[in-house]
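# Chain and residue survey
As a plain string of letters, each chain reads:
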Amino acid sequence: MVEFDGVGLRYGPDAEVLRDISFNLQPGSFYFLTGASGAGKTSLLKMLYLAQRPSRGIVRLFGEDLVAMPRDRLPGFRRRIGVVFQDFRLIPHLSARDNIALPLRIAGVSEEDLAGPVSEMLSWIGLADRADAHPATLSGGEQQRVAIARAVIARPQLLVADEPTGNVDPDMAMRLLGLFEALNRLGTTVVVATHDIHLISRIENAQMMRLEKGRLSDPTGALRFPPANRV
Amino acid sequence: MLIPRVPVQHRRLLPDRRLSGPTPWVIAILMMLTLLAAAAGVGLARSADAIGSAIAGRVTVQIVTANPVTRAEQAAALRRAAAAQPFVLSARAVDRAELQATLGQWFGSDASGDGGGDPVLNSLPLPALVDIDFVGGDRSGHMAQLRALVAAEAPGARIIPHAEWLGPVARLIGSLAWIAAALVVLMTLASAAVVIMTARAALGTHYATIEMLHLIGATDRQITRLFQRRIAIDTAYGIALGTAVAAALLLLIGWQWAGITSGLAATASLGPTGWALLLALPLLAIALAALTARQTLLAALKKIL
Ligand SMILES: Nc1ncnc2c1ncn2[C@@H]1O[C@H](COP(=O)(O)OP(=O)(O)OP(=O)(O)O)[C@@H](O)[C@H]1O
Ligand SMILES: [Mg+2]
């Protein structure tokens with residue numbers, strides 16, 4: 001599904017933010033990415049959701065080499081990835097409903113076909129009555145829920161979430177995690193970056209990836225030699 | 001193609017307020033100036049051509065012999081002899097009444113009739129004039145032959161080629177036409193620059209939205225169409241406004257011009273080609289704006305991963 005081999009990333013001429021990152025994500029698995037603030041979690045996820053090319057090393061996604069991939073093939077890959085950004089990145093002049101519908105519209109889904117799923121998603125995140133509100137008039141937690149709904153609406157093959165529960169209360173956090181889990185059971189590979197230890201313990205079979213000062217520590221060895229491969 | 005079709009739901013990805021700020025107004029002003037310069041250029045080029053071909057082969061022979069009877073005889077003889085020559089297209093003696101009428105305008109006396117009995121005008125020793133148009137071809141040869149003819153029929157008469165004194169005027173008008181053409185080119189470039197700046201500014205303002213659209217899988221084409229549509233519509237408004245004002249001004253000028261100089265109006269009019277060019281300019285401008293916006297947007301988007 002996703003393969004990183006000896007990946008390094010630097011921003012400009014500074015020292016590398018990420019060094020020698022190697023791992024192999026199995027299809028349909030659930031991963032937590034943890035690490036201190038500034039350890040490089042967001043930077044790693046950016047390469048995962050194709051917002052950043054690595055400075056060195058090999059990244060393979062859905063079986064294809066991304067480093068050498070021409071720019072015009074990237075949109076097709078991005079449509080198979082759902083992203084929850086740490087800073088939400090909702091489009092300010094669009095309503096909650098239109099923000100959530102965005103990935104479907106970009107993918108060319110007709111208005112009749114997307115109305116149902118979007119309304120369903122709005123009720124699932126508890127914002128059916130705020131469907132026409134603009135992001136600026138939503139609370140931080142409500143915006144986060146809209147961002148999550150937008151990431152999952154198109155049933156992506158890979159879901160990447162950067163601190164998706166940072167702004168919601170524990171109950172809502174569990175509810176949202178339940179959404180990720182449901183998606184995961186349908187076959188989506190999920191990568192969630194979080195500080196929240198409680199969250200991690202709630203998902204059975206979830207794997208842990210830990211970043212320390214730009215390096216990936218792999219205490220269980222599960223990443224390099226995933227259980228499925230070791231049998 | 002110029003104003004791309006974008007689904008209604010996608011149009012909302014850009015906020016409703018106008019994208020380009022003062023751009024339509026700037027485009028309107030540039031478009032108006034471009035059209036006025038183009039009209040001036042076409043009009044001037046046509047008059048330069050008309051004057052040029054009218055004067056190229058024409059000379060006036062001025063006979064100043066003191067005795068009025070001899071003078072008139074010489075003029076008549078020269079006219080007859082010249083008209084018989086193969087290199088002369090036409091020869092015409094300018095009659096005295098015509099000369100007096102022209103002079104009368106300068107002296108301020110009644111120009112109608114034969115000097116209106118004005119004693120001053122009647123007493124003036126006016127030269128006899130013969131206008132001669134050459135057939136086309138070897139002008140200096142014709143000139144030499146005419147000189148021999150004049151020496152024989154009216155010794156001492158002066159030959160005045162029209163090109164000598166109207167030529168510089170025609171050349172000046174010709175240069176003005178070229179300057180007008182240069183202005184059209186410069187203003188077209190300025191308009192393109194305005195569109196480029198508008199497109200870049202729009203991308204800058206909406207950078208966050210564009211980045212977001214990219215990351216959820218929008219193609220450069222999708223994003224470009226979105227912006228191109230808005231910029232094309234905004235500039236089309238400016239072009240329409242500029243064209244309307246320029247058209248009003250041109251009609252007004254044409255109307256006044258026709259009123260003042262009924263004789264010369266024909267040479268200064270734009271002609272069918274001129275009008276076709278003026279009508280084509282706004283359409284070309286819309287096409288240029290749309291293509292410029294498109295290229296600017298695609299080039300800028302390529303720099304984002
Ligand atoms: N665009 C950038 N340009 C330069 N340096 C950057 C950029 N983005 C991140 N960094 C640096 O890279 C390092 C890792 O940042 P990153 O955002 O990946 O950390 P993080 O683990 O996500 O932190 P947090 O938990 O606070 O979100 C930091 O030192 C940061 O200053
Ligand atoms: Mg981060």
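Conventions and cut-offs
Residues numbered from 1 in each chain as written. Chains lettered and ligands numbered in written order. Predicted model: local features only at pLDDT ≥ 70, side-chain atom pairs only at ≥ 80, totals over all residues. Heavy atoms only, no water. Helix = DSSP H or I, 4+ residues; strand = E, 2+ residues; numbered from the N terminus. Rg over C-alpha atoms; globule rule 2.2 N^0.38 Å. Buried < 20%, exposed > 50% of the residue type's maximum accessible area, 1.4 Å probe, protein only. Contact = heavy atoms within 4.5 Å. Buried area = accessible area lost by both parts, 1.4 Å probe. Salt bridge = Lys/Arg side-chain N within 4 Å of Asp/Glu carboxyl O. Polar contact = N/O pair within 3.5 Å; in protein donor to acceptor, adjacent residues only side chain to side chain. Nonpolar A, V, L, I, M, F, W, Y, C, P; charged D, E, K, R; others polar. Phe/Tyr/Trp six-rings, centres within 6.5 Å; stacked < 30°, edge-to-face > 60°. Lys NZ or Arg CZ within 6 Å of the ring centre and 35° of its normal. Donors = N, O, S within 2.8 Å, 3.2 Å for Na, K, Ca; no water. Axes fitted to C-alpha atoms, helices over the stretch in contact; angles between N-to-C directions. Left-handed = near helix turned anticlockwise from the far one by under 90°. Domains from an automatic or database assignment. Near = heavy atom within 4 Å. Areas by Shrake-Rupley, 256 points an atom, 1.4 Å probe, with all protein chains shown as cover. Parallel < 35°, antiparallel > 145°, perpendicular 65-115°, else oblique.

What follows concerns the overall build of chain B. Of regular secondary structure, chain B possesses eleven helices and four strands. By the compact-globule yardstick of 19 Å for 305 residues, chain B is too spread out, its C-alpha radius of gyration being 31 Å. Counting across all 305 residues of chain B, residues that qualify as buried make up 43%. Long-range contacts, defined here as pairs at least 24 residues apart, represent 82% of the contacts in chain B between residues at least 6 apart.

Attention now goes to the overall build of chain A. Across its full length, chain A carries eight helices and ten strands. Taking 17 Å as the expected radius of gyration for a compact globule of 231 residues, we find that chain A reaches 17 Å, a close match to that expectation. The C-alpha extent of chain A, read off along each of the three principal axes, is 45 × 40 × 40 Å. Here chain A holds 231 residues, and the buried ones make up 52% of them.

This brings us to the interface of chain B and chain A. The interface is formed by 22 residues belonging to chain B together with 22 residues belonging to chain A. Both faces combined, the contact of chain B with chain A buries some 2,100 Å², and carbon together with sulfur accounts for 63% of it. On inspection of chain B and its partner chain A, the count reaches two salt bridges. Across the salt bridge formed by Arg89(A) and Glu211(B), the nearest N and O atoms sit 3.7 Å from each other. Where chain B packs against chain A, one counts six residue pairs in polar contact (both at pLDDT 80 or more). Elements represented by at least two residues in the side of chain B that touches chain A include exactly helix H1 (8–11), helix H8 (207–215), helix H9 (220–260) and helix H11 (271–302) of chain B. Top element by residues in the side of chain B that touches chain A is H8(B). It accounts for six residues. The class makeup of the residues in the side of chain B that touches chain A is eleven nonpolar, seven polar and four charged.

What follows is about the packing of aromatic side chains. Residue and element names in this part refer to chain A. Taken as a whole and judged by the stated rule, the model has five aromatic pairs over all chains. Ring centres of Phe30 and Phe32 lie 5.3 Å apart, and the angle between their planes is 45°; on these two criteria the pair is classed as tilted. For the pair shown, Phe30 and Phe32 are each scored as buried. Here Tyr49 and Phe85 contribute two aromatic rings whose centre-to-centre distance is 5.4 Å and whose plane-to-plane angle is 85°, an arrangement assigned as edge-to-face. Of this pair, Tyr49 sits in the loop between helix H1 (41–48) and strand E4 (56–61) while Phe85 sits in the loop between strand E6 (81–84) and helix H3 (96–106); the two residues are 36 residues apart in sequence, bridging distant segments of the chain. For the residue pair Tyr49 and Phe85, the accessibility class agrees, reading buried in each case. Looking at Arg80, its charged tip hangs above the ring of Phe62, at a distance of 4.1 Å from the centre. Taking NZ or CZ as reference, Arg89 lies 4.7 Å from the ring centre of Phe85, over its face.

All right, on to the coordination of the magnesium ion (ligand 2) then. Those donors, Thr42(A) (OG1) and Gln86(A) (OE1), are the protein atoms that reach the magnesium ion (ligand 2), and they lie 1.8 to 2.3 Å from it. Taken together, the residues span a long stretch of sequence, with Thr42(A) in helix H1 and Gln86(A) in the loop between E6 and H3 at a distance of 44 residues.

Residue and element names in this part refer to chain B. Axis separation between helix H3 (residues 68–83) and helix H6 (residues 139–153) bottoms out at 10 Å; the angle between their running directions is 145°. Here H3 runs over H6; the crossing is right-handed. Between H3 and H6, the contacting residues are Gln74, Ala77, Leu78, Ala81 and Ala82 on the first element and Leu149, Val150 and Glu153 on the second. Grouping the amino acids of the contact of H3 with H6 by side-chain chemistry returns six nonpolar, one polar and one charged.

A few words now on the environment of Ala208(B). Its location among the elements puts Ala208(B) in helix H8. Along the backbone, Ala208(B) and Ala45(B) are 163 residues apart, and their C-alpha atoms lie at a distance of 52 Å.

Turning to the domain arrangement of chain B, a few remarks are in order. By domain assignment, chain B separates into domain 1 (8–52 + 167–304) and domain 2 (65–156). Placing a centre on the C-alpha atoms of domain 1 of chain B and another on those of domain 2 of chain B gives a separation of 53 Å.

Here we take up unusual backbone geometry. Residues and elements named next belong to chain A. For Arg155, which is not glycine, the phi dihedral falls at a positive 50°. Note that Arg155 resides in the loop between helix H5 (140–152) and strand E7 (158–162). With a phi close to 50°, Glu163 is a non-glycine residue in the positive phi region.

What follows covers the site of ligand 1. Residue and element names in this part refer to chain A. The local shell around ligand 1 consists of Tyr11, Val17, Ala36, Ser37, Gly38, Ala39, Gly40, Lys41, Thr42, Ser43, Gln86 and His195. Gly38 is positioned with one of its backbone polar atoms (N or O) 2.8 Å from an oxygen atom of ligand 1. Burial of ligand 1 by the surrounding chains reaches 60%, relative to a free accessible area of 630 Å². Its residues assigned to classes, the shell around ligand 1 comprises four nonpolar, seven polar and one charged.

All right, on to the packing of H3(A) against helix H4 (residues 111–124) of chain A then. All names here are of chain A. Running from N to C, H3 and H4 point in directions that differ by 130°, and their axes come no closer than 10 Å. In terms of axis orientation, H3 runs oblique to H4. Our pair here, H3 against H4, has a crossing hand that is right-handed. Of H4, the residues touching H3 (which contributes Ala96, Arg97, Ile100, Ala101, Leu104 and Arg105) are Glu111, Leu114, Val118, Ser119, Met121 and Leu122. In terms of residue class, the contact of H3 with H4 is built from eight nonpolar, one polar and three charged.

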